[in-house]
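Architecture and fold: a report
Each chain is listed here by its residues.
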Amino acid sequence: MNNSSIRRRRLAVSAAVAASTALTVAIGVRLSGYGVPLALLLACCLSCLATFSSLLFRVIAAWSTTTHRCTQPGCDFRVSLAHTDAAESRKWQEIAAQHPHRTL
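Residues numbered from 1 in each chain as written. Predicted model: local features only at pLDDT ≥ 70, side-chain atom pairs only at ≥ 80, totals over all residues. Heavy atoms only, no water.

1. A few points about the overall build of the chain
Here is the rule we go by: Secondary structure counts use DSSP, requiring at least four H or I residues in a row for a helix and at least two E residues in a row for a strand, with both numbered from the N terminus. In this setup the radius of gyration rests on C-alpha atoms only. A globule is expected at 2.2 Å times the number of residues raised to 0.38. By definition in these notes, contact holds between two residues if any of their heavy atoms fall within 4.5 Å. Counting rule applied: Lys, Arg positive; Asp, Glu negative; His and chain ends not counted. Every charge is mapped onto a representative atom, which is NZ of Lys, CZ of Arg, CG of Asp or CD of Glu.
In terms of regular secondary structure, the chain is built from three helices and two strands. Listing each helix as α and each strand as β along the chain from the N terminus yields α-α-β-β-α. Relative to a compact globule of 104 residues, whose C-alpha radius of gyration would be 13 Å, the chain shows 21 Å and is clearly more extended. Expressed as lengths along the three principal axes of its C-alpha atoms, the size of the chain is roughly 60 × 40 × 15 Å. Residue pairs in contact within the chain that sit at least 24 positions apart in sequence constitute 49% of those at least 6 positions apart. Separation of charge centres in the chain, based on 11 positive and 4 negative side chains, amounts to 14 Å.

See the structure below:
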């Protein structure tokens, strides 16, 4: 990975953490207005933070992943790669296209 892609990934992760925190705080503030006990409020906010962070981290991972699929109709073989250069991606694309096709 080059410097700009590392910087972009760090920026995306920082934005995901900030968005997750902001959503969690907004939910916590709304719940506190209803008189929710502190222990329950903390449990709800922590679970929301974990859920939002997990969702956004999965979106970031999917955004930087390349998937190569088999070209045979009906074959579900696929290879997923993250953070690879063009030569490595091309190699795996050829492997996915020429893997032994399973027949029933």
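Moving on from the model shown.
2. Side note on the pattern of salt bridges
Oppositely charged side chains can pair when the atoms bearing their charge come close. What counts here: The salt bridge definition used is simple: a Lys or Arg side-chain nitrogen within 4 Å of an Asp or Glu carboxyl oxygen. Working definition: with a 1.4 Å probe on protein chains only, accessible area under 20% of the residue-type maximum means buried, over 50% means exposed, and in between means partly exposed.
For the structure shown, the criterion picks out two salt bridges. Glu88 is the partner of Lys91 in a salt bridge, and the nearest nitrogen-oxygen pair spans 3.8 Å. You can see Lys91 and its partner Glu88 sitting in helix α3 (residues 86–97), three residues apart, about one turn around the helix. Of the residues examined, Glu88 reaches a relative accessible area of 29% and is grouped as partly exposed.

3. Points about helix α1 (residues 3–32)
Quick reminder of the rule: Multiplying 1.5 Å by the residue count of a helix minus one yields the expected span of that helix.
For α1, which comprises 30 residues, the first-to-last C-alpha distance of 43 Å matches the rise-based estimate of 44 Å (1.5 Å per residue) to within 8%. Along α1, the residues classified as buried are Ser5, Ala12, Ala16, Ser20, Thr24 and Gly28. Of the surrounding secondary structure, the elements contacted by the buried residues of α1 are α2 (38–63).

4. Comments concerning the packing of α1 against α2
We count it as follows: In this analysis an axis means a line fitted to C-alpha atoms, helices contributing only their contacting stretch, and an angle means the value between N-to-C directions, from 0 to 180 degrees. For classification purposes, angles smaller than 35 degrees are called roughly parallel, those larger than 145 roughly antiparallel, those between 65 and 115 roughly perpendicular, and all remaining angles oblique. For any pair of crossing helices, the crossing counts as left-handed if the nearer helix is rotated counterclockwise from the farther one by less than a right angle, and right-handed if it is rotated clockwise. Residues are sorted three ways: Asp, Glu, Lys and Arg are charged, Ala, Val, Leu, Ile, Met, Phe, Trp, Tyr, Cys and Pro are nonpolar, and all the rest, Gly among them, are polar.
As a packed pair, α1 and α2 sit with axes 9 Å apart at the nearest point and diverge in direction by 155°. Here α1 lies roughly antiparallel to α2, going by the angle between them. Two packed elements cross with a definite hand, and for α1 against α2 that hand is right-handed. Its residues assigned to classes, the contact of α1 with α2 shows 18 nonpolar, six polar and one charged.

5. Let's talk about the pairing of strand β2 (residues 78–82)
Threshold: We call two strands paired when DSSP finds no fewer than two bridges between them.
Burial of the side chains of β2 is restricted to one face: Val79 and Leu81 are buried, whereas none of Arg78, Ser80 and Ala82 on the reverse face is. Taken together, the five bridges between strand β1 (residues 65–69) and β2 define a ladder with antiparallel strand orientation. Of the residues in β2, the one forming a bridge with His68 is Val79.

6. Some points on α2
With 26 residues, α2 should reach 38 Å at 1.5 Å per residue; the first-to-last C-alpha distance of 37 Å fits that figure. Within α2, burial applies to Leu41, Cys45, Cys48, Ser53 and Ile60. Buried residues along α2 sit against α1.

7. Some words on the environment of Ser32
To keep it simple, the criterion reads: By the criterion applied in these results, polar contacts are pairs of N or O atoms within 3.5 Å in which, for protein atoms, one can donate a hydrogen and the other can accept it, and in which residues neighboring in sequence qualify only through two side-chain atoms.
Topologically, Ser32 is positioned in helix α1. Of note is the side chain of Ser32, whose polar atom sits 2.8 Å from the backbone oxygen of Val29.

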